[in-house]
Amino acid sequence: MNSFLADKTSNSPALRPLDDTVEYIRANGARVVPLYIVAVAPTTMATLMLLDTVSTGMYSALPEGCMLLAVATLWKWAWGSAVQARIQAALSGRSGAPLPGRMTYIIALKLVASMAMLWGSFLVLPAIYGFFLSGMAAPILLDSGRSALEGAQWAIRWVGDSMNRALKIISAVSILFLVAYLGVTLLQLMITHTVMPSLLGMDPTELSLTIWGWAWQMAVLYMLFLVFDFFWMVASVLLYHDIQSRRAGVDLGQRLTTLGG
Amino acid sequence: MELRYCVNHPERPAIGECVITKKPICPECSTRYEGVNYSREGLAELKRRRARNTGLGFWNKVANMAMVAQAPVSLFLLYQYYLYIFTAILNMGGKSG
């Protein structure tokens, strides 16, 4: 992304795994997108149901909806791990540890990471560790015979040692998200203020009411979140592989070129 | 990029460095184990470290069991977090949407 962002510990630019992610999705996205859709289908349904509950003001239906969303999150993590396992197998050229045998530890690690990321977010630092631990839980535990505890220690040590690199990655992803949200908002404005009244001669009043309502805005945010969640799911594997590649002296770019055919 | 040469064979270009000793090594001096490269000295050091850590095996198992055992508590906290967020959204004006 930017070669000047290379940090002190490596010659490799900090954002190179994000560039590689775009390249991987462009060349191999069709292999993993269907699995990702399976992964997020229940969470999407649960979230849309909750947004409907919120827009109608039904307090009593919230606990059931949130329970459903929590269970759907476990499903998403399980299938998300399958997505990451598929990418990792393609990158490393070997199948790694069998996914079902490691699933309990992966889910346990992701739960710990989520607690750090969600409840620890007001302290900032736990959220940074949680963000990377959650993304890399499956790649770490599938790559070798590490236990869940050793996997957590590995990720925490990496973030601690490469905080500059980690912060650059988080900043880049956050800026991309904000730009994307701004782009979507501008697109909606353009449709309701220019395209519909001027070009199509339609009255946009009803559509405007829907678009600027809470439920619609939250749904748009969630859909954007899904796009970035998929991006980060792929990027985490490539980041882990990039870390290992630099340690092993193997060029990840070369491997990606081979995969892209 | 600077070309580095094997610490044992100065005439041969290095393919990487040993993760333990950090010295550049050529394909002949490199052993790939658990996805990373080790020199002969690095492997010996790894073996020593593993032997030292064997005594910690029991506590590692206990820690792993604890990590799995905490999962229901974390799941409950995840549910609580969702409930907190969606209640906050509702209170902030979700009804007006």
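Because the structure is a prediction, the values reported are computed rather than measured.

## Some details on the overall build of chain A
Phase 1 of the analysis: Of regular secondary structure, chain A possesses 9 helices and 0 strands.
Phase 2 of the analysis: Starting at the N terminus and ending at the C terminus, chain A contains elements arranged as α-α-α-α-α-α-α-α-α.
Phase 3 of the analysis: Burial analysis of chain A (261 residues in total) assigns 37% to the buried set.
Phase 4 of the analysis: Long-range contacts, defined here as pairs at least 24 residues apart, represent 66% of the contacts in chain A between residues at least 6 apart.

## Brief notes about the nonpolar core
Nonpolar side chains tend to gather and get buried jointly when the protein is soluble and globular.
Phase 1 of the analysis: Counting 66 residues, the largest nonpolar core has Leu109(A), Val112(A), Leu133(A), Ala137(A) and Leu141(A) as its most contacted members.
Phase 2 of the analysis: In terms of nonpolar packing, the next biggest core, distinct from the first, is built from 8 residues, Cys18(B), Ile25(B), Cys26(B) and Tyr38(B) among them.

## Topic: the interface of chain B and chain A
Phase 1 of the analysis: In this complex, chain B contributes 32 residues to the contact, which on the side of chain A involves 36 residues.
Phase 2 of the analysis: When residues of the side of chain B that touches chain A are traced back to their parent elements, those giving at least two are strand E1 (16-17), strand E4 (36-38), helix H2 (57-69) and helix H3 (71-92) of chain B.
Phase 3 of the analysis: Among the elements that take part in the side of chain B that touches chain A, H3(B) stands out by supplying 13 residues, more than any other.
Phase 4 of the analysis: For the side of chain B that touches chain A, the class distribution of residues is 18 nonpolar, 11 polar and 3 charged.

## Some details on the confidence of the model for chain B
Phase 1 of the analysis: Predicted confidence across chain B gives a mean pLDDT of 81, with 86% of residues reaching 70 or more.
Phase 2 of the analysis: Looking at the elements of chain B, mean pLDDT is at its lowest for helix H1 (residues 40-53) of chain B, recorded as 77, and at its highest for H3(B), recorded as 90.

## Quick word on helix H5 (residues 148-161) of chain A
Along an α-helix, residues three or four apart share an orientation, since each turn contains 3.6 residues.
Phase 1 of the analysis: When the terminal C-alpha atoms of H5(A) are compared, their 20 Å separation across 14 residues agrees well with the 20 Å that a helix rising 1.5 Å per residue should span.
Phase 2 of the analysis: Within H5(A), burial applies to Ala148(A), Leu149(A), Gly151(A), Ala152(A), Ala155(A), Trp158(A) and Val159(A).

## Side note on the confidence of the model for chain A
Regions with low pLDDT carry predicted coordinates that are not meant to be interpreted in detail.
Residues and elements named next belong to chain A.
Phase 1 of the analysis: Per-chain confidence: chain A averages 84 in pLDDT, with 87% of residues scoring 70 or above.
Phase 2 of the analysis: The secondary structure element of chain A with the lowest average pLDDT is helix H9 (residues 252-260), at 60, and the one with the highest is helix H2 (residues 62-92), at 92.
Phase 3 of the analysis: Residue range residues 1-10 is modelled with pLDDT below 50. Its contacts to residues more than four positions away, or to other chains, number 21 contacts.

## So, the packing of helix H3 (residues 99-118) of chain A against helix H4 (residues 125-143) of chain A
All names here are of chain A.
Phase 1 of the analysis: Running from amino to carboxyl end, H3 crosses H4 at an angle of 175°, the nearest separation of the two axes being 8 Å. Put simply, H3 runs roughly antiparallel to H4. Contacts from Leu99, Arg102, Tyr105, Ile106, Leu109, Lys110, Ala113, Ser114, Ala116 and Met117 in H3 reach Pro126, Ala127, Tyr129, Gly130, Phe131, Leu133, Ser134, Ala137, Ala138, Leu141 and Leu142 in H4.
Phase 2 of the analysis: Looking at the contact of H3 with H4 residue by residue, the class counts come to 16 nonpolar, 3 polar and 2 charged.

## Digging into H3(B)
Phase 1 of the analysis: Given a rise of 1.5 Å per residue, 22 residues ought to cover 32 Å, and the 31 Å separating the end C-alpha atoms of H3(B) matches this to within 8%.
Phase 2 of the analysis: Of the residues making up H3(B), those classed as buried are Leu78(B), Tyr82(B), Phe86(B) and Leu90(B). Down the axis of H3(B), the buried side of the element spans an arc of 105°, and every buried residue falls inside it. Across from the buried face of H3(B), at angles greater than 90 degrees, the exposed residues are Val73(B), Phe76(B), Ala88(B), Asn91(B) and Met92(B).
Phase 3 of the analysis: Here the buried face of H3(B) lies against helix H1 (16-56), H2 and H3 of chain A.

## Quick look at the packing of H3(A) against H5(A)
A pair of packed helices can be characterised by two numbers: the angle between their axes and the separation between those axes.
All names here are of chain A.
Phase 1 of the analysis: Interhelical geometry of H3 versus H5 gives an angle of 45° and a closest axis separation of 10 Å. Looking at the two axes, H3 sits oblique to H5. Crossing handedness for the pair H3 and H5: right-handed. Contacts between H3 and H5 pair Tyr105, Ala108, Leu109 and Val112 from the former with Ala148, Gly151 and Ala152 from the latter.
Phase 2 of the analysis: Its residues assigned to classes, the contact of H3 with H5 comprises 6 nonpolar, 1 polar and no charged.

What counts, and at which threshold
Residues numbered from 1 in each chain as written. Chains lettered and ligands numbered in written order. Predicted model: local features only at pLDDT ≥ 70, side-chain atom pairs only at ≥ 80, totals over all residues. Helix = DSSP H or I, 4+ residues; strand = E, 2+ residues; numbered from the N terminus. Buried ≥ 20, exposed ≤ 12 C-beta atoms within 10 Å, placed from the backbone. Contact = placed C-beta atoms within 7 Å. Core = buried A, V, L, I, M, F, W, Y, C linked by C-beta atoms within 7 Å. Nonpolar A, V, L, I, M, F, W, Y, C, P; charged D, E, K, R; others polar. pLDDT = per-residue confidence, 0-100. Expected span 1.5 Å × (residues − 1). Axes fitted to C-alpha atoms, helices over the stretch in contact; angles between N-to-C directions. Parallel < 35°, antiparallel > 145°, perpendicular 65-115°, else oblique. Arc of directions from axis to C-beta. Left-handed = near helix turned anticlockwise from the far one by under 90°.

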